[in-house]
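Observations on chain architecture
Here is what each chain is made of, one letter per residue.
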Amino acid sequence: MERREEDDNQEEREELTMEQVFKSTEVPPWRNQITVRAVVTSFILSIVFNFIVCKLNLTTGVIPSLNVAAGLLGFAMVKLWASVLDKCGLLKQPFTRQENTVIQTCVVASSGIAFSSGTASYLLGMSARVASQAEEGNTPINVKQLSLGWMIGFLFAVSFVGLFSIVPLRKMMILKYKLTYPSGTATAYLINSFHTPKGAKLAKKQVAVLFKSFCFSFAFAFFQWFFAAADGCGFSSFPTFGLKAYDQRFYFDFSSTYVGVGIICPYMVNISLLIGAIFSWGIMWPLIEKRKGDWYSATLSASSLHGIQGYRIFLAIAMMLGDGLFHVVYMLIKTSHSLISHNKKKKETSSIVNPATSDDSWTSEIATYDEQRRSEFFLKDQIPNWVAFLGYIVLALISVIVVPLIFDQLKWYHIFVAYLIAPVLAFCNAYGCGLTDWSLASNYGKIAIIIFSAWVGLDHGGVLAGLASCGVMMSIVSTASDLMQDFKTGYLTLASPRSMFFSQVFGTAMGCLMSPLVFWFFYKAYSVGDPTGSYPAPYGLMYRGIALLGVEGISSLPKNCLALAITFFVAAIVINVARELLMKYETKYKIYRFVPSPMCMAIPFYLGAYFAIDMCVGSLILFVWERYNRQKAKEFGPAVASGLICGDSLWGVPAAVLSLAGVSAPICMKFLSAGSNAKVDAFLGG
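These numbers come from a predicted model, not from an experiment.

Axis separation between helix H4 (residues 36-59) and helix H14 (residues 256-264) bottoms out at 12 Å; the angle between their running directions is 95°. The angle between H4 and H14 places the two elements in the roughly perpendicular class. On H14, the residues that touch Lys55, Leu56 and Thr59 of H4 are Thr257, Tyr258 and Val261. By residue class, the composition of the contact of H4 with H14 is 3 nonpolar, 2 polar and 1 charged.

Attention now goes to the packing of aromatic side chains. Scanning all chains against the criterion turns up 51 aromatic pairs. When the centroid spacing of 6.1 Å and the interplanar angle of 55° are considered together, the rings of tyrosine 296 and tyrosine 311 count as tilted. Of this pair, tyrosine 296 sits in the loop between helix H15 (267-289) and helix H16 (308-352) while tyrosine 311 is found in helix H16, placing the two residues 15 residues apart along the sequence. The pair tyrosine 296 / tyrosine 311 is uniform in exposure class, with both members buried.

A separate point is the packing of helix H20 (residues 441-456) against helix H21 (residues 462-493). Contact geometry for H20 and H21: axes closest at 7 Å, N-to-C directions at 150°. If you check the angle between H20 and H21, you find them roughly antiparallel. Crossing geometry of H20 relative to H21 is assigned as right-handed. Contacts from Ala441, Ser442, Tyr444, Gly445, Ala448, Ile449, Phe452, Ser453 and Val456 of H20 reach H21 at Gly462, Ala465, Gly466, Leu467, Ser469, Cys470, Met473, Met474, Val477 and Ser478. For the contact of H20 with H21, the residue count by class is 12 nonpolar, 7 polar and no charged.

A few words on the side chain of arginine 373. Looking at where arginine 373 falls in the secondary structure, it is placed in helix H17 (residues 369-378). Not counting the four nearest positions on each side in its chain, arginine 373 is found in contact with Glu19, Phe22, Lys23, Thr25, Val27 and Leu494.

The subject of this paragraph is the environment of leucine 58. Relative to the helices and strands, leucine 58 is located in helix H4. Its relative accessible area of 0% is what places leucine 58 among the buried residues. Separated by 478 residues in the primary sequence, leucine 58 and proline 536 have C-alpha atoms spaced 6.2 Å apart.

The rules behind the values
Residues numbered from 1 in each chain as written. Predicted model: local features only at pLDDT ≥ 70, side-chain atom pairs only at ≥ 80, totals over all residues. Heavy atoms only, no water. Axes fitted to C-alpha atoms, helices over the stretch in contact; angles between N-to-C directions. Helix = DSSP H or I, 4+ residues; strand = E, 2+ residues; numbered from the N terminus. Parallel < 35°, antiparallel > 145°, perpendicular 65-115°, else oblique. Contact = heavy atoms within 4.5 Å. Nonpolar A, V, L, I, M, F, W, Y, C, P; charged D, E, K, R; others polar. Phe/Tyr/Trp six-rings, centres within 6.5 Å; stacked < 30°, edge-to-face > 60°. Buried < 20%, exposed > 50% of the residue type's maximum accessible area, 1.4 Å probe, protein only. Left-handed = near helix turned anticlockwise from the far one by under 90°.

This is the structure:
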């Protein structure tokens, strides 16, 4: 009888809406949402996630969503903290979903800076190490010695402006237009579920699975280290499909990180990467290499942009720019259409509804209990518009003064122009992100490189000017969309907009400090940017290549590279148009799901197929798991993947320490052909 009553109560709870479930739970004031334990937890997790994002940036640049890992680890750490204090009788404030949201916001903001900071892209592209690979533009005025001081100063100068550019539009985006912000919404539902009895039990199991996966990944990375005494040694150089395939970079490198990334990323992303790898390294590059001596000089070094490396870099850039241009234009069209539709509906509604009953608070449009409660708390703690406008102006003025002091090639009027157009681009990116979950920050950054590098010119340091302006633009546009995602998460968890804003500020500050420090750790321990090394950082050379296109135009391209680049640029646009048309008009078989992504296809053009194979192995694991038990795969797949990524990535810390200390692995496991092995044996025997 008691069991039946419990089941009835459970069914009754499940019928309640989310906010009705939390109706009896008190929502703390915004100051109490930002607690000491939340700040400490955010700081610890920010260090972890900065290492993860930095390693991903320096290897391939493919970064999956780490929201599930951040949410799970934040929940687990504070829950453990709270339970210990509760047993000691020292717990003063229970752990709430609002506090959980603050932690999530801080960690995601900090790791977001690790991406937009450009330590593996535009900042690295300024270094002499990358400039030497490009040859052109390798002059003192177009090269800057990397150092922690100016990198941290630059990030602090440009990273906070975007936060103030979008604040006045938060009510319009969230309440009036009701933009979905898929990542922010998914994060909110994840956090809300953690704080229900059923969700807390599941979260506990997920954390246990994540910890087991982490331990396996860390131990396996440690085991692999013993066999990697030098470059080309160890499991990461295992010729899985034979030595000929290995020479064309087709092999499985036993990377737990990218197997985990493959589990998280959609199937079509991983397949697109593999298609791009097969098309480039399996077909295109071997055909172009046969033209050596005709299309390019046979005496050029392998890293010269006038040789085969130039085709790899510039064709990848062309495809990325084509994909980026399509999405920018498509997003502008979609944003304009959405705004016109909203205004049209508003006019139609105003002609029917009595004006006396409507007001500017938008509460007249709120129907459900959940919406009423969420809007009440969202409108409760206002951030005055004058604060946002003043903050933007003051911070922009600081950047206009500081950035030219760091980069002599940029003048104050260059930065001033960037800050004039940045709010418009920030709005477009934030609005588009709310509709589709796509942040086009890197695309806006690439456009800025071309415009500003051409404006300044090669002889006046146009390469550096373009790369630095990319940082200015990316920082504003990226942080603006991230903040609006956080406002959406806060709206759905009843977290105050003020606590969201201040936690974003705190996370951004941590990222501006941690990201360069973590990068510097890898930069000093390894040959970062070396295309044949463990950390090739492909976007460093790619972004510098875009700047060279800006200052030199097509003269920097090898023979026939322009025709091929135009072909790939157009192909990227055609593929995207085809996918959108299929999505709209072909709904029976949903063929659009099988159209590859041009952006993903372009990434292996430079790197090879090895990481794409790793990610496809992750997809295969998830596919088999879903066939066996779809619900378990859905609940625990992200936890397993996050553990694999965290364990393998964090092994990079002790590995880098050992490298700095001059300690190398005791064994070099290398693979030779039978003929080479016979020669080695004969040499040693002789």
